Structures are given as structure tokens and as C-alpha cells.
Amino acid sequence: MLNKRIIPLITGLLVYLMIGLIYGWSIFVAPLEAEFGWNRTETSATFTISMIFFCIGGILSGVLVKKRSPRTILILAAVCLCIGFICASRVNTITGLFISYGVLCGTGVGLAYNINISTVLKWYPDKTGLVSGLLLMCFGCGGMVLGSIASALIQLMGWRTTFVVLGVIFAAIILAGSITIKNPQDDMVLPEPKTKNKKYSEKGVEMNAFQMIRRPAFWLHFIWSIILSAAGLSVIGHASVCAQELGASVAVATIITGTISICNGLGRIAIGLIFDRYGRKPSVRISTMVMIIAFILLVGSIFFKSLALFVVATVILGLAFGTIPPINSAFTNLFYGEKNYALNFSFMNSSLIPASLLGPLVAGAVKTATGSYMIVFVMLLALAVCSSLLQVMIKRP
């Protein structure tokens, strides 16, 4: 039993580490802008498009899983990524980049992301939170780990060849993963889920996506996820600049940004363990409270002009931001069941679209208008506090 369960988990972790490079888009920005003269708005739009199609790919994966095997969907993901990266290596226009990297690569990542987690979780009904945390930690750290490798490759062979190399490697690893990432056999006996603290025990109901989106609990949690994700992305997107305004050098600011990524990964594992042991309510309370503490410290760092306080705040924020994806995954599994998890989770995960569109843009606009990050952090602190009320209103699936 142990060997049969551990193989899809290890393979799933590796696949998530690979496709997590979608968060490392910034490493390609400088060479592309230097060669073509594109501005930051144009190159930033590429990342936004890739995130939108990442969510669309997840929904497509959730629809296909009813008719196709995980292997078929992973093969489709590998094809999308391979073609997307190779086409991106040949682009000469921003539109071509939007289609190749934004649409094709984004869709490929979404397909692999959704089928990977929905299949691996079937092997671990007793450790949904922990396994979600481990998988999503690898996805969150992929941009940092592979970003450094891709950056070295760009220096060595240029961005065009780097895109080709990444496309081939990604396709090969995902195709290999399609062999071992498969559903448990129908006659396999798996451990039952356990919630040790009966006080917080909750029981969900098997629902399809269309039933789920008619439930108030879904929308309350969905909006909570948007608010906290947008708040976290706002700080992550401006952390380097804000740190430099507080006196940090470029090198130190880069280290601070990397530290957020590490804490992001640690937060995913920690909240997964908490969810498995104590259930949903304590998990979301801890997540929200840690985010609120982070913003209190961020406000204090601006008020006192303290870089040290800012560093502590960003560490805490990284931990808080990391808790959101595993909670979304475990919440969807708990409240709406395993039968339709793949499509249900893709709908829940689409909260990233408004969060990535609104958070960093609004924070940037407020900073430009006021000339300071103080109002930005106060505003995000208020939103984090309000988000806690949404979770209080969730009474049942």
C-alpha cells in the first residue's frame, strides 16, 4: 500500500515543481524587452494572459476527466507546453508571445495542475490537507527553483534556445508522469479520513460544479480567497520596490523577495497539517489572522521607516499567502466531495483571475496616487479584517 501510494505522490511533486515555472515569468522580461523594445505593460500582459488561461486549462481538465483518463489529459498538457515553448522561441511580435506563452503554455500548465492534484489526492483521503500542501509547495517554489536554472540558461545560450530546452524537458517529465499518475483501482482499500478534534468536524455533500456554485458557502469562501490572494499578490508584486524605498540594496531586496517564496512553500505544508488535524474552521482562522498580523507589521514598517520590521512582515505574509491554495483545495474536497473534485476545484481556483488582475494593479495605482505604501497597506489590512467575517458566515456546504 505504501509503495503504491508514494509513487504517484513523488511523480506529482516533480510535475508541480516543473510547471511552477509559470510564476517565474519575470526572468524572461528583460531579454525580451531588450531585443524587441517592448514596454513593461506589454510584457506584464503576457503573464496576465498566462494566468487566465491557466485557470481555463484547469476548467477544461475538470471537464475532460469525466470522459478521459489522467494519462490522456497529461499528454495533452505536455503537447500544449512543448508547442507553446517552441513557438515562443520563434516569436517576433508581442501577439505571437501572447498566443504561444500566454495561451498555449498557460493552458498546458492548467491542464497538468488540475489533473495532477485531483488524481494524487484520491490516493490520500486520510491526508488531504498535507498532500495538498506538499503539492502546492512544489508548485509555488517552482518559479524560484527553476527560475534560477532558466536564468543561467538564458545567459549561456539565449532566451530562444532556453524556451526550446524548457519545452522539451517539460514535455518529457509530464509524459513520464502520465505513466504513474493514475487513479487507484476500484477494489483498493484506502485509509479513511480522520478529524481528531470532533469539535470542528464537518461533513460535506457530493455536488457537481453547477450545484456547488449555487451554494452561498462557495461564494463566501471564493470571495475570501480573492481578497486574501489579491492582498498577498499586491505585496509580493511590490516587495522589492518597497524594500528599496526603506533603504535596502537591490541585492537585499532580491533576497527578501526570494524569502517570501520560501515562506510561501512552508505555509502550504503547515496549513495542510493543521487542516488534517483540526479541520476547516481553525485553518481559515489561522490563515486570516496571520495575514492580518502581517499587514499590521507592514503598516508599522512604513510608519517607523523600519526595514527590519518590513522583513519580518514579509516573512509572515509569505506564510499566510501560502495557506490559501491548500485551504481552497481541502475546502473543496471536504464540502463538495471527491467525485467532482477536479472540475469543482478548477472553479474555486479561478479566484486567481480577479486576484491577479485587481491586487497588484490597484496597489500600484494607489501608490502612484499617494506616493506612499502606507495607504496601500492600511487598505489591505481593512480588507483582510473584513474577509474574516465571510468565513464566519459559512455554516454548512
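These figures come from a predicted structure and were not determined experimentally.

**Student:** Mind showing me how you'd approach helix α9 (residues 216–245) here?
**Tutor:** Two residues of an α-helix separated by three or four positions point the same way, owing to the 3.6 residues in each turn. With 30 residues, α9 extends 42 Å from end C-alpha to end C-alpha; this agrees with the ideal 44 Å at 1.5 Å per step. Taking burial as the measure, the 30 residues of α9 include 21 buried ones, the bulk of the element. Gly247 lies just past α9 and shows a positive phi near 110°.

**Student:** Could you clarify how one ought to interpret the pattern of salt bridges in this entry?
**Tutor:** Opposite charge on two side chains lets them pair, provided their charged atoms get close. By the definition in use, this model includes 3 salt bridges. Where Asp126 meets Arg5, a salt bridge forms, and the shortest distance between an N and an O atom there is 3.0 Å. A residue pair is termed long-range when its members are at least 10 positions apart, and Asp126 in the loop between α5 (94–120) and α6 (128–157) and Arg5 in helix α1 (residues 2–19) qualify at 121 residues.

**Student:** Would you mind showing me how to read a nonpolar patch on the surface here?
**Tutor:** A contiguous nonpolar patch, built from Ile75, Val79, Ile83 and Leu175 and spanning about 300 Å² of accessible area, is present on the exposed surface. The dominant element in the nonpolar patch, judged by the number of residues it contributes, is helix α4 (residues 70–88), at 3 residues.

**Student:** Where do I start with unusual backbone geometry in this structure?
**Tutor:** When glycine is set aside, most residues are seen to have a negative phi, and most peptide bonds are trans. Look at Lys305: it is not a glycine, yet its phi comes out positive at around 55°. The residue Lys305 is located in the loop between α11 (280–303) and α12 (307–336) in this model. Taking relative accessible area as the criterion, Lys305 reaches 66% and is therefore assigned exposed.

**Student:** Can you walk me through the side chain of Ser132 in this structure?
**Tutor:** Looking at where Ser132 falls in the secondary structure, it is placed in helix α6. Ser132 sits in the buried class, given a relative accessible area of 0%. Leave out the neighbours within four places in its chain, and Ser132 touches Ile117, Leu121, Pro326 and Ser329.

**Student:** Just checking my understanding: could you explain the environment of Leu146 for this structure?
**Tutor:** Examined against the element boundaries, Leu146 turns out to sit in helix α6. Measuring from C-alpha to C-alpha, the distance between Leu146 and Phe28 comes to 12 Å, with 118 residues separating the pair along the chain.

**Student:** Where do I start with the environment of Ser69 in this structure?
**Tutor:** With respect to the helices and strands, Ser69 occurs in the loop between α3 (40–64) and α4. Among the residues examined, Ser69 registers a relative accessible area of 35% and is labelled partly exposed.

**Student:** I keep staring at the packing of α12 against helix α13 (residues 341–349) and nothing clicks. Help me out?
**Tutor:** Working note: a packed helix pair is described by the angle between its axes plus the distance between those axes. Taken N-terminus to C-terminus, the directions of α12 and α13 make an angle of 130°; their axes are 10 Å apart at the nearest point. Judged by the inter-axis angle, α12 sits oblique to α13. As α12 runs across α13, the sense of the crossing is right-handed. Along its contact with α12, which presents Asn328, Ser329, Phe331, Thr332, Asn333 and Tyr336, the element α13 presents Tyr341, Asn344, Phe345 and Met348. Split by residue class, the contact of α12 with α13 holds 5 nonpolar, 5 polar and no charged.

**Student:** What's the story with the nonpolar core in this structure? I'm lost.
**Tutor:** Side chains that are nonpolar tend, in soluble globular proteins, to be buried together. Core analysis: the largest hydrophobic core is formed by 59 residues, its most contacted members being Tyr16, Ile19, Phe28 and Phe54. Breaking this core down by element, the ones donating at least two residues are α1, α2 (26–36), α3, α4, α5, α6, α7 (159–180) and α13. For this core, the leading source of residues is α5, giving 11 residues. Discounting chain neighbours no more than four positions away, the residues touching Tyr16 are Ala112, Tyr113, Asn116, Ile117, Leu135, Leu136, Cys138 and Phe139.

**Student:** How do you make sense of the packing of helix α10 (residues 250–278) against α12 when you look at a structure like this?
**Tutor:** Viewed as axis vectors pointing N to C, α10 and α12 meet at an angle of 40°, and their least axial separation amounts to 6 Å. The angle between α10 and α12 places the two elements in the oblique class. Viewed along their axes, α10 and α12 form a crossing whose handedness is right-handed. In terms of residue class, the contact of α10 with α12 is made up of 18 nonpolar, 7 polar and 1 charged.

**Student:** Sorry if this is basic, but what is going on with the state of the cysteines here?
**Tutor:** In protein structure, a disulfide is the covalent linkage between the sulfur atoms of two cysteines. For the coordinates displayed, the defined rule picks out 0 disulfides. Free of any disulfide, Cys105 has its nearest cysteine sulfur in Cys87, 8.8 Å distant. Overall, the relative accessible area of 3% leaves Cys105 in the buried class.

**Student:** Any chance you could explain the side chain of Ser356 here in plain terms?
**Tutor:** By secondary structure assignment, the location of Ser356 is in helix α14 (residues 352–370). Looking at Ser356, its side chain comes within polar contact range of the main-chain oxygen of Leu352, at 2.7 Å. When neighbours within four sequence positions are excluded, Ser356 is seen to be in contact with Met51 and Leu233.

Definitions and limits used
- Residues numbered from 1 in each chain as written.
- Predicted model: local features only at pLDDT ≥ 70, side-chain atom pairs only at ≥ 80, totals over all residues.
- Heavy atoms only, no water.
- Helix = DSSP H or I, 4+ residues; strand = E, 2+ residues; numbered from the N terminus.
- Expected span 1.5 Å × (residues − 1).
- Buried < 20%, exposed > 50% of the residue type's maximum accessible area, 1.4 Å probe, protein only.
- Salt bridge = Lys/Arg side-chain N within 4 Å of Asp/Glu carboxyl O.
- Patch = residues over 30% accessible without salt bridge, like charges linked within 9 Å, V, L, I, M, F, W, Y side chains within 5 Å.
- Areas by Shrake-Rupley, 256 points an atom, 1.4 Å probe, with all protein chains shown as cover.
- Contact = heavy atoms within 4.5 Å.
- Axes fitted to C-alpha atoms, helices over the stretch in contact; angles between N-to-C directions.
- Parallel < 35°, antiparallel > 145°, perpendicular 65-115°, else oblique.
- Left-handed = near helix turned anticlockwise from the far one by under 90°.
- Nonpolar A, V, L, I, M, F, W, Y, C, P; charged D, E, K, R; others polar.
- Core = buried A, V, L, I, M, F, W, Y, C linked by side-chain atoms within 4.5 Å.
- Disulfide = S-S within 2.5 Å.
- Polar contact = N/O pair within 3.5 Å; in protein donor to acceptor, adjacent residues only side chain to side chain.

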